[in-house]
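Each chain, written out:
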Amino acid sequence: MKITGVKAYPAQVGGRSQLFLKIETDAGIFGWGESGLTFRERAVMGALEHYETILIGLDPMQIGFIWQRLYRSQYFEGGRVLAAAMSAIDIALHDIKGKALGVPVYDLLGGKQRDRVPTFASTSAAPGEEMIGQARALIDAGWNTVRLSRFKSADRFEPREAIAKTCKWLVKAREALGDAVVLGIDWHHQLSVAEAASFCQKLPAGTLDFLEEPLRDETPEAYEALRRMTGIPFAIGEEFASKWQFLPYVERDIHQFNRLDVCNVGGLTEAIKIAGWSEAHYVDIMPHNPLGPICTAATVHFAMAVPNLAWVETREAPSEANRVFRDRTLVPVAPELIDAHYVISEAPGLGVEVDEDALANADYQLGSPPLLTRNDGSVTNW
Ligand SMILES: [Mg+2]
């Protein structure tokens, strides 16, 4: 079997953009992948054009060889754009190989270790009574892990204001929801070390079970500094683009939950290595999964096959029903969220079915995440 074609399809899904990839072969078997570099799809499509020249004629069953061939094909190796392109390719190759062998992708990763995949859900309401109500409804619907909201606005982010408003309602949420539920929050890289330390220190011990990405990730030493000022477990890594980016976080025991994203880290080939390495450090895998349904399918197959799984992120819970993260007209068959779990079929490959005509005609615009400023007009993170 030989690879004969590589087709990239960007699409607008709600307020987000997604990038899907189809790899074709001379055996008539094709595979689907997805890239996770949201809002930078054209950059990834350019990388895919470069990689197509290498891929044509290769045997798609040699997934590990192809990963190495692509990664080592450039003198200027690595980076998030190239890793996002490689991720989509690697996922599509697993889809092809599963179909060729007649097995689900999780069988290519060592076989399933569970029957269904637990998820965590997120509240969408701002910190307040409605947020607590959403969390209670999620618990009633079967979730035992809830990521609560931070305070934010559409174009401004002022850290100290956001911390004060958020802390107050996190304390009330823990009181209202009890000790049995796992509670966390995602600061989306928006704080400095001092701000993150103040946030943690305003919370009574036991308020939060995980703190997701309070800081940007360029400097692992900054997280080590924060670690000396709080005992809350850290959930880090959704934007990491290789095992080498995880190296300091795993080896220095900086993070307790690993947020790898199979559509950004280098695909399933890279993700399964990082999962094993994390297992040796008793770090739990908590995959990032706010993208499209092919990413969800790849993530769920991965989650089926790793022993050290905490929860997969879902953005399809009732608390986010007002947000569109999946367009079923584009990908009619994908893993189903049943109660608080993803359930996957035993169909060969990823088990997804894509409406390629709908995808080829899907709307797509060059977009950007919110461009935030602080009250003084200076630039801050989204
Ligand atoms: Mg996050």
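Calculation criteria
Residues numbered from 1 in each chain as written. Predicted model: local features only at pLDDT ≥ 70, side-chain atom pairs only at ≥ 80, totals over all residues. Domains from an automatic or database assignment. Contact = placed C-beta atoms within 7 Å. Helix = DSSP H or I, 4+ residues; strand = E, 2+ residues; numbered from the N terminus. Nonpolar A, V, L, I, M, F, W, Y, C, P; charged D, E, K, R; others polar. Axes fitted to C-alpha atoms, helices over the stretch in contact; angles between N-to-C directions. Left-handed = near helix turned anticlockwise from the far one by under 90°. Buried ≥ 20, exposed ≤ 12 C-beta atoms within 10 Å, placed from the backbone. Pairing = 2+ DSSP bridges. Right-handed = clockwise from strand over helix to strand, strands pointing away. Expected span 1.5 Å × (residues − 1). Arc of directions from axis to C-beta. Core = buried A, V, L, I, M, F, W, Y, C linked by C-beta atoms within 7 Å.

**Observations regarding the domain arrangement of the protein chain**
For the protein chain, the assigned domains read domain 1 (3–104) and domain 2 (107–348). Each partner contributes residues to the interface: domain 1 has 33 residues there, and domain 2 has 29 residues. The set of elements that each furnish at least two residues to the side of domain 1 that touches domain 2 consists of strand E1 (3–13), strand E2 (16–25), strand E3 (30–35), helix H2 (63–71) and helix H3 (80–101). By residue number, the principal contributor to the side of domain 1 that touches domain 2 is H3, which donates 13 residues. Classifying every residue of the side of domain 1 that touches domain 2 gives 15 nonpolar, 13 polar and five charged.

**Section: the packing of helix H5 (residues 129–140) against helix H6 (residues 159–177)**
A pair of packed helices is captured by two measures, namely the crossing angle of their axes and the spacing between those axes. Viewed as axis vectors pointing N to C, H5 and H6 meet at an angle of 35°, and their least axial separation amounts to 10 Å. Here the hand of the crossing between H5 and H6 comes out right-handed. When H5 is examined against H6, the residues Met-131, Ile-132, Ala-135, Arg-136 and Ile-139 are found in contact with a partner set consisting of Trp-169, Lys-172, Ala-173, Ala-176 and Leu-177. Each residue belonging to the contact of H5 with H6 can be placed in one class, and the counts come to eight nonpolar, no polar and two charged.

**Points about unusual backbone geometry**
Of note, His-188 is a non-glycine position whose phi angle comes to about 55°, a positive value. Along the chain, the position of His-188 falls in the loop between strand E6 (182–186) and helix H7 (193–201). What makes His-188 partly exposed here is the crowd of 17 C-beta atoms within 10 Å. Positive phi values are uncommon outside glycine, yet Glu-213 reaches one of about 35°.

**Side note on the pairing of E6**
Extensive coverage of E6 is indicated by the burial of four of its five residues. In terms of strand pairing, strand E5 (residues 145–148) meets E6 through four bridges, oriented parallel. When the bridges of E6 are listed, Leu-148 appears paired with Ile-185. Note that the unit made of E5, H6 and E6 has a crossover that is right-handed. The parallel pair E6 and strand E7 (residues 210–212), bridged by H7, forms a crossover whose chirality is right-handed.

**Re H5**
Taking 1.5 Å of rise per residue, the 12 residues of H5 would be expected to cover 16 Å, and the 16 Å separating its terminal C-alpha atoms lies within 8% of that figure. Within H5, the full set of buried residues consists of Met-131, Ile-132, Gln-134, Ala-135 and Leu-138. End-on, the buried residues of H5 take up no more than an arc of 155°, which puts them together on one face. Turned more than 90 degrees away from the buried face of H5 sit Glu-129 and Asp-140, all of them exposed. The secondary structure elements touched by the buried residues of H5 are strand E4 (117–122), E5 and H6.

**Here we look at the nonpolar core**
In terms of nonpolar packing, the biggest core is built from 112 residues, with Leu-21, Ala-85, Ile-89 and Val-262 touching the most fellow members. Counting the residues that make up this core, at least three belong to each of domain 1 (3–104) and domain 2 (107–348).

**Regarding the pairing of E2**
Of all 10 residues that make up E2, seven are buried, and the element is covered over most of its length. Sheet analysis places E1 next to E2, joined by 10 bridges and oriented antiparallel. Residue Lys-7 lies in a different strand from E2, and its bridge partner there is Lys-22. Taken together, E1 and the strand that follows it, E2, pair antiparallel across an intervening segment of two residues, in which Gly-14 is found at a positive phi of about 60°.

**Here we look at the environment of Asn-264**
Position of Asn-264 relative to the elements: it lies in the loop between strand E9 (257–258) and helix H10 (267–280). Considering only alpha carbons, one finds Asn-264 and Leu-291, 27 residues apart in sequence, at a separation of 11 Å. Once residues lying within four places of it in the same chain are set aside, the contact partners of Asn-264 are Gly-36, Leu-37, Arg-80, Ala-83, Ala-84, Ser-87, Glu-239 and Ala-241.

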